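# Commentary on secondary and tertiary structure
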Amino acid sequence: QNDDGGWGWCTGQKSDLYISSYALLAISNASASGFFVDSERQTAAQGYVTGALYAVKMASEDWELDRLTLAQYALKQSGEQQLRVDDLYQARKRLSPWGQALLAMAMGDHQPAEARVLLSDLQASAVRSATGAYWQDAGDKWWNHVNPMANTAMAILALAEYDPASPLLTEAVRYLSLNRRVNGGWYSSFDSAWCIYALSRVLRVTGDLQGSFAYSATINGTPLASGKAAGVSTLNPVIGTTDLAALNTDYGNALRILREAGPGRLYYRAYLQLDTPVENAVALNKGISIERNYSLIGADCPAEGCPALKTIQLAQPSPVIQVRLAVTLQNDLYDLVVEDFIPAGAEIVNTRLQTSQLGVPQFTTSAVNSFDIYSNGWGWWRFSSPYVYDDHIRWVASYLPAGTYILTYRLQPLQAGEF
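Described in the following lines is the structure provided in the data block. Here the structure is a predicted model, which is why all the values come from computation and not from measurement. (Residues numbered from 1 in each chain as written. Predicted model: local features only at pLDDT ≥ 70, side-chain atom pairs only at ≥ 80, totals over all residues. Heavy atoms only, no water.)

As a further point, take the overall build of the chain. Along its length, the chain carries nine helices and 12 strands. Overall size of the chain, expressed as C-alpha extent along the three principal axes, is 75 × 65 × 40 Å. Across the 419 residues of the chain, 39% fall into the buried class. Surface accessibility of the chain: about 23700 Å² in total, with carbon and sulfur atoms responsible for 52%. Here the chain carries 30 positive and 39 negative side-chain charges, and the mean point of each set is 6 Å from the other. (Helix = DSSP H or I, 4+ residues; strand = E, 2+ residues; numbered from the N terminus. Buried < 20%, exposed > 50% of the residue type's maximum accessible area, 1.4 Å probe, protein only. Areas by Shrake-Rupley, 256 points an atom, 1.4 Å probe, with all protein chains shown as cover. Lys, Arg positive; Asp, Glu negative; His and termini not counted. Charge placed at Lys NZ, Arg CZ, Asp CG, Glu CD.)

Moving on to the nonpolar core. Within the largest apolar cluster, 65 residues are counted, with the highest numbers of intra-cluster contacts made by Leu-65, Leu-102, Trp-135, Met-154, Ile-156, Leu-176 and Trp-194. Other than its neighbours up to four places away in sequence, Trp-135 contacts Pro-97, Leu-122, Ser-125, Ala-126, Pro-148, Asn-151, Thr-152, Ala-155, Leu-159, Leu-168 and Ala-172. Counting residues in each nonpolar core, the second largest holds 21 residues, with Leu-325, Leu-329, Leu-407 and Tyr-409 among its members. (Core = buried A, V, L, I, M, F, W, Y, C linked by side-chain atoms within 4.5 Å. Contact = heavy atoms within 4.5 Å.)

This next bit is on the layout of surface pockets. Taken as a whole, the second largest pocket encloses approximately 910 Å³ of empty space. Contributing to the lining of the second largest pocket are 27 residues, with Ile-19, Tyr-22, Ser-189, Phe-190 and Asp-191 lying nearest its centre. When contributions to the lining of the second largest pocket are tallied by element, the ones reaching two or more residues are helix H1 (17-32), helix H9 (189-206), strand E8 (333-341) and strand E11 (392-400). For the lining of the second largest pocket, the leading source of residues is H9, giving seven residues. Grouping the amino acids of the lining of the second largest pocket by side-chain chemistry returns 18 nonpolar, five polar and four charged. (1 Å grid on protein atoms, 1.4 Å probe; cavity = no way out; pocket = protein on both sides within 12 Å on 5 of 7 lines; lining within 4 Å. Points joined across faces, edges and corners; volume = space filled by probe spheres on them. Nonpolar A, V, L, I, M, F, W, Y, C, P; charged D, E, K, R; others polar.)

This part takes up the sheet that holds strand E4 (residues 222-230). Overall, antiparallel pairing links the three strands, which are arranged E4-E3-E5 in an open sheet. The two strands at the open ends of the sheet, each matched to only one other strand, are E4 and strand E5 (255-259). Neighbour to neighbour, the strand axes of the sheet diverge by 10° on average, direction disregarded. When strand E3 (residues 212-219) meets E5, the two strands line up antiparallel, connected through five bridges. The residue bridging Tyr-215 from the neighbouring strand is Arg-259, located in E5. (Pairing = 2+ DSSP bridges. Axes fitted to C-alpha atoms, helices over the stretch in contact; angles between N-to-C directions.)

For the structure shown, the criterion picks out one cavity of 30 Å³ or more. In this structure, the largest cavity encloses a volume near 40 Å³. The set of elements that each furnish at least two residues to the lining of the largest cavity consists of helix H8 (167-178) and H9. Broken down by element, the lining of the largest cavity gets its largest block of residues, three residues, from H8. Each residue belonging to the lining of the largest cavity can be placed in one class, and the counts come to five nonpolar, two polar and one charged.

In this section: the packing of aromatic side chains. Using the criterion set out here, one finds 13 aromatic pairs in the structure. Each ring, one from Tyr-22 and one from Phe-190, has its centre 5.8 Å from the other, and the planes form 80°; the classification is edge-to-face. Within this pair, whereas Tyr-22 is found in helix H1, its partner Phe-190 is found in helix H9, the two being separated by 168 residues in sequence. Taking the relative accessible area as the measure of exposure, Tyr-22 reaches 16% and is therefore buried. By relative accessible area, which is 22% here, Phe-190 ends up partly exposed. When the ring of Trp-380 is compared with that of Trp-381, the centres are 5.7 Å apart and the planes differ by 75°; the resulting orientation is edge-to-face. Note on Trp-380: relative accessible area 22%, which makes it partly exposed. Among the aromatic residues, those joined into a ring-pair cluster are Trp-9, Tyr-18, Tyr-22, Phe-190, Trp-194 and Tyr-197. (Phe/Tyr/Trp six-rings, centres within 6.5 Å; stacked < 30°, edge-to-face > 60°.)

Encoded structure:
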């Protein structure tokens, strides 16, 4: 949190209304859930978001109006009562579905008639498909990172708040349920956060937390899963799996799901997972490509021309490896995050810690600038200072022109093994 009460996209950057609105929403919800939040920090955040608001007439683009609705919703959730939403309501036709949903929730307590109009518009714009109902932005509004998953989640929040009996709510929940990834999340941590937020709200308002019924599933007559819903204590998912060898390859497979009588809903997914052996996997390129190169520090060769390492012999002192990441962008990009995970048994040399060494015996941490070891590449100055974690390193850039960037760091192998 910056001194002005707001947040930037990463440490050291100037405060931004959009990310500060999300931060205010996060700490407000955390506080409401019983976690300790410094009240002075929350008050400072409210002050920044309120002061950074701009008039609706100053918003030349529709996505800017959506950001204003997010700010107003965050202020409402943080306990602010004096909201400036009338002009946003007049411009409601320019809002995305998620903007309409957040504005409805911001207005609902004090202006219920206007909130009902927004809900009606929201319901009319739903897209119905074989997998349920969903919402998507019209036109190019990618600035706010909202796709149909997050759009639908925010619409679900508004419906759950003011119209929990709507049949559209069940269809929208079905859409989110069926579009989860195999690992349980959605397409990004951003989507997953909104989806979990919305679905947990639905469970509370629909009574599904008090579900009571037995269920079972079989595949080709063989038991696959079974259980009984009996309130909150049995909310954990039940997972059943079967090997490919147990499935028919020449004709169809019969999946049968049984649900006995009782209140509550049974949500289920069925999917087939096929994994490619890692040695056969090819590099994926969707507009961004990244290449990694390991070389030995102190070798008698230029940094760009040192032979690439695939193995190294441990010795005393431990050898230090220079890691070079070449990130190539086909187009200009905003808000890019670059992460590189390290092999097990190794450690990133972090000179910001007094306990770290530079990995070159003749130097000590105090002898050089702590940022120098990251500045051996090209274009690194467009990124934030890297964040060093136990198992990976992360750079963040607010804007990058198309081109190739070289990011560097140092790695120290400590444990022998094959990684």
